[in-house]
Amino acid sequence: MNENTFFDYLNLFWFTILPYVALFTFFIATIQRYRGEAFTYSSLSSQFLENKVHFWAMVPFHYGILTVLFGHLIGFLCPAELLAWNSEPIRLYIFEVTGFIAAIFTLVGLFNIIIRRTSNARIKMVTTTADWVVIAIIVFQVITGVYTAVFHSWGSSWFASSMAPYLWSIVQFSPEIAYVTPLPIMVKLHIISAFVIVTLFPFTRLVHVLVVPNPYLWRKPQVVRWYWNRKKIRTTSFKIDRK
Amino acid sequence: MRHFKLESLASKLNWRFAGISSVFALFLCTSLLAQVPTEYYKQNCVSCHTIGGGRLTGPDLKDLSKRQDREWLVNWLMDPEGILKSGDPYAVKMQKESRGAVMTRSPGMTKSLAIALLDLIDEESKLEKSQFAGSQISDRPLLQEDIDEGLALFMGSTKLKNGGPSCVSCHVVNSLDGLSGGRLGLNLTRAYARLEGRKGLSAWLISPPSKMMNPIYKKYPIDEEEILPLVAFLKNETEKDAPENTSAMINFLLFGIGGAVLLLVLFDLIWNKRFRAVREPMVKGN
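Just so we're clear, the structure is a prediction, and the values are computed from it rather than from any experiment.

### What about the overall build of chain B?
Now for step 1: When helices and strands are tallied, chain B shows 14 helices and zero strands.
Now for step 2: Traced from its N-terminal end to its C-terminal end, chain B shows the element sequence α-α-α-α-α-α-α-α-α-α-α-α-α-α.
Now for step 3: Buried residues in chain B amount to 39% of all 286 residues.
Now for step 4: A fraction of 61% describes how many contacts in chain B between residues 6 or more apart in sequence connect residues 24 or more apart.

Okay, structure coming up:
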């Protein structure tokens, strides 16, 4: 096998096979988990155990990551409109700088998440291996994203013209990997780790994204007191005894 | 019940089979399309070669078969880099004439496609004027209006007619101020010189051979009327040869970090009365 063929196969694996493995796993496993273990659909919040660093970890992380994800979603759903917006340099710079601020915000949040989970004894007790895997892959994803934003700008424009057609070709079961195979290595790693996150999604606490308790924003406050073993309920193997 | 389950399984398998078949059918269609030599030539060869229009980056291919035998040419198309590495004297001579530019193996090249392409070149060579004689870009002098129009097209303030992304999405030229241009692709300040002037640059813009640009501009080609202004703008950039704007990236970084710090301060102020703890203040109070 010559060098070109080897890289062709690698590209085929990462950008054609992996996306379908990720999407198939995502849909089947999330539905299966919801049907079988609906009560495990939770962020497994540890806010009751530690609330100070939690603020500087969770607030920047969530505001940052949601803004960045929203930017990617706009590029995917409305590429032509995004290119039209970016046609004025000042608007392009505003969009890019906003996304970059959000990315730095996410990194600050992640840094504090790691500090909190390694320095607080109570939080250490409720941190599982799956949590560390999730943190590691998200750190990798955000760092490759920040690198891309700085060294391979302007992502919002080339995402709309390269990544959006590629992603739509995946959705339409007609993968056109020619859009992504010439991209720089850091951008490719960013794409691959995104598919890895989608694959891991149903097996980790990331599932809480699907059950965001939006009614909390407008419902009346209520007091909740638990009378069961807190440590036990935070393990993924916990099941409610239905006898 | 068992029969029903089996039937349902069979139906599911059929759907899967249909799905897999569709994907393979699409792949097959794509590869068959790539085999049409005229289309293939347009997408992969025109930016460096004409047939009877003179040299671009690569040699004029008119009467190619009279210069080299068919077997050598097929092997060359299949693996140009390999032949160059082997030290073949004709390949080395061609590379020297192309000022060091190396031809790479075109995507999806097969022996049958190489033969079909050579047949096409032979047929086109017989014509008085081949369809691949090169772009019909005007030789008129370039004006300031052309440069201004080219700048607007480069920056995207004038949209490309066929909907392609503007150059600034991925490219930068040194004269841009502010946060400057994109850095996914090459710095185009000296592109006019690199592609050896109006003809070479025009051919590149008509059908960009770069792996990154090719799939995009194959769908949304740059209109012929837009080529000349872009050439004028890039020629002007080469002539100005302004020093690189090194502060753009640092400014971008500073904007990001500064913005994030400001936002953190703002969040602290907004949630100043946030719930911090229950037990700890009570213990401290005692």
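### Describing unusual backbone geometry
Now for step 1: Cis rather than trans, the peptide bond between serine 153 of chain A and tryptophan 154 of chain A has omega equal to -5°.
Now for step 2: One non-glycine residue, glutamate 196 of chain B, adopts positive backbone phi at about 60°.
Now for step 3: The backbone of aspartate 241 of chain B shows a phi angle near 45°, a positive value even though the residue is not glycine.
Now for step 4: Looking at the secondary structure, you find aspartate 241 of chain B in the loop between helix H12 (224-240) and helix H13 (247-270).

### Things to note about the packing of aromatic side chains
Now for step 1: Tallied over the entire structure, the rule returns 22 aromatic pairs over all chains.
Now for step 2: Ring centres 6.4 Å apart and planes at 85° place the aromatic pair phenylalanine 15 of chain A and tyrosine 166 of chain A in the edge-to-face group. One end of the pair, phenylalanine 15 of chain A, is in helix H1 (residues 3-36); the other, tyrosine 166 of chain A, is in helix H7 (residues 155-171), with 151 residues separating them in the sequence.
Now for step 3: For the ring pair tyrosine 63 of chain A and phenylalanine 267 of chain B, a centre distance of 5.0 Å and an interplane angle of 80° mean the geometry is edge-to-face. Of the two residues, tyrosine 63 of chain A is situated in helix H2 (residues 52-77) and phenylalanine 267 of chain B in helix H13; the pairing between them involves two chains.

### Quick word on the side chain of asparagine 214 of chain B
Now for step 1: By the element assignment, asparagine 214 of chain B lies in helix H11 (residues 214-219).
Now for step 2: Excluding residues within four positions of it along the chain, asparagine 214 of chain B makes contact with Gln43, Pro208 and Pro209 of chain B.

### Some points on the interface of chain B and chain A
Now for step 1: Counting residues at the interface gives 41 residues for chain B, matched by 41 residues for chain A.
Now for step 2: Summing the contributions of chain B and of chain A, the shared interface buries around 3700 Å²; its carbon and sulfur component is 72%.
Now for step 3: The interface formed by chain B and chain A holds one salt bridge in total.
Now for step 4: Lysine 219 of chain B is the partner of glutamate 176 of chain A in a salt bridge, and the nearest nitrogen-oxygen pair spans 4.0 Å.
Now for step 5: Inspection of the region where chain B meets chain A yields nine residue pairs in polar contact (both at pLDDT 80 or more).

### Things to note about the pattern of salt bridges
All names here are of chain B.
Now for step 1: Overall, the coordinates contain 14 salt bridges over all chains when judged by the stated rule.
Now for step 2: One salt bridge in this structure joins glutamate 123 and lysine 126, with 3.2 Å as the shortest N-O distance. Taken together, the residues glutamate 123 and lysine 126, both in helix H7 (residues 111-126) and three residues apart, mark about one turn of the helix.
Now for step 3: The class of lysine 126 is exposed, set by a relative accessible area of 64%.
Now for step 4: Here lysine 161 and aspartate 223 are joined by a salt bridge, their closest N and O atoms 3.8 Å apart.

### Considering the side chain of lysine 188 of chain A
All names here are of chain A.
Now for step 1: Along the polypeptide, lysine 188 turns up in helix H8 (residues 185-200).
Now for step 2: At 8.9 Å, aspartate 8 is the nearest oppositely charged side chain to lysine 188, a buried residue that forms no salt bridge.
Now for step 3: Side chain to side chain, lysine 188 and asparagine 11 meet in a polar contact 3.4 Å long.
Now for step 4: If we ignore the near neighbours within four places in the chain, the residues touching lysine 188 are Asn11, Phe15, Val180, Thr181 and Leu183.

### Quick notes on the domain arrangement of chain B
Residues and elements named next belong to chain B.
Now for step 1: The domains assigned to chain B are domain 1 (2-126), domain 2 (144-240) and domain 3 (246-285).
Now for step 2: Tallying the contact residues gives nine residues for domain 1 and ten residues for domain 2.
Now for step 3: With both chains or domains summed, domain 1 and domain 2 bury close to 840 Å², and 51% of this area falls on carbon and sulfur atoms.
Now for step 4: Counting across the interface, domain 1 meets domain 2 through zero salt bridges.
Now for step 5: Across the contact surface, domain 1 and domain 2 share one residue pair in polar contact (both at pLDDT 80 or more).
Now for step 6: Its residues placed into classes, the side of domain 1 that touches domain 2 shows two nonpolar, five polar and two charged.

### Notes on the nonpolar core
Now for step 1: Ranked by internal contacts, the top residues of the largest apolar core, which has 48 residues, are Met163, Tyr166, Val180, Leu183 and Ile191 of chain A together with Phe154 of chain B.
Now for step 2: Among the elements of the structure, H1, H7 and H8 of chain A together with helix H8 (144-155), helix H9 (191-194), helix H10 (197-206), H11 and H12 of chain B are those that each provide at least two residues to this core.
Now for step 3: With seven residues, the single largest contributor to this core is H12 of chain B.
Now for step 4: When neighbours within four sequence positions are excluded, phenylalanine 154 of chain B is seen to be in contact with Ser166, Cys167, Val168, His171, Val172, Val173, Leu176, Leu188, Leu230, Phe233 and Leu234 of chain B.
Now for step 5: Core analysis: the next-biggest nonpolar cluster, separate from the first, contains 36 residues, Tyr93, Ile101, Ala103 and Trp154 of chain A among them.

### Some points on the environment of valine 53 of chain A
Residues and elements named next belong to chain A.
Now for step 1: Summarising the element assignment, valine 53 is placed in helix H2.
Now for step 2: For the pair valine 53 and isoleucine 65, spaced twelve residues apart in sequence, the C-alpha separation works out to 18 Å.
Now for step 3: With near-sequence residues (within four places) excluded, valine 53 lies in contact with Asn112 and Arg116.

### Focus on the packing of H2 of chain A against H7 of chain A
Axes are the key here: two packed helices are described by the angle between their axes and the distance separating the axes.
Residues and elements named next belong to chain A.
Now for step 1: The geometry of H2 relative to H7 is characterised by a closest axis approach of 8 Å and an angle of 75° between their N-to-C directions. In terms of orientation, H2 lies roughly perpendicular with respect to H7. In this structure, H2 contributes His72, Gly75, Phe76 and Leu77 to the contact, and H7 contributes Phe159, Ala160, Ala164, Leu167, Trp168 and Val171.
Now for step 2: Considered class by class, the residues forming the contact of H2 with H7 number eight nonpolar, two polar and no charged.

Conventions used here
- Per-chain numbering applies: the sequence of each chain, read as written, is numbered from 1 onward.
- Here the convention is simple: chains get letters from A, ligands get numbers from 1, in the order in which they are written.
- In view of the model being predicted, local features appear only for residues whose pLDDT reaches at least 70, and side-chain atom pairs are presented and counted only at 80 or more, with totals across whole chains, interfaces and linings using the full set of residues.
- With hydrogens and water excluded, all non-hydrogen atoms of the structure serve as input to the side-chain values.
- Numbered from the N terminus, helices here are DSSP runs of H or I no shorter than four residues, and strands are runs of E no shorter than two.
- Remark: exposure states derive from per-residue accessible area (1.4 Å probe, protein chains only) relative to the maximum for the residue type, with buried under 20%, exposed over 50%, and partly exposed in between.
- Contacts were defined at the residue level, with two residues in contact if any of their heavy atoms lie within 4.5 Å.
- The criterion for an aromatic pair is that two Phe, Tyr or Trp rings (for Trp, the six-membered ring) have centres within 6.5 Å, with stacked assigned to planes under 30 degrees apart, edge-to-face to planes over 60 apart and tilted to the rest.
- When two parts are brought into contact, each loses some accessible area as probed by a 1.4 Å sphere; the total of that loss over both is the buried area.
- Here a salt bridge means any side-chain nitrogen of Lys or Arg lying within 4 Å of a carboxyl oxygen belonging to Asp or Glu.
- N or O atoms closer than or at 3.5 Å make up a polar contact, with two conditions inside protein: a donor-capable atom paired with an acceptor-capable one, and, for residues adjacent in sequence, both atoms drawn from side chains.
- Working convention for charge: Lys and Arg count positive, Asp and Glu count negative, and His plus the chain ends are omitted.
- Start and end positions for the domains come from either an automated domain assignment or a database one.
- Throughout this entry, Asp, Glu, Lys and Arg are counted as charged residues, while Ala, Val, Leu, Ile, Met, Phe, Trp, Tyr, Cys and Pro are counted as nonpolar. The remaining residues, Gly among them, count as polar.
- Definition of nonpolar core: a set of buried residues of the types Ala, Val, Leu, Ile, Met, Phe, Trp, Tyr and Cys, connected through side-chain atoms within 4.5 Å.
- For helices, the axis comes from a line fit to the C-alpha atoms of the stretch in contact; other axes are also lines fit to C-alpha atoms, and the angle between any two N-to-C directions lies between 0 and 180 degrees.
- Oblique is the label for any angle not covered by the other classes, which are roughly parallel (under 35 degrees), roughly antiparallel (over 145) and roughly perpendicular (65 to 115).

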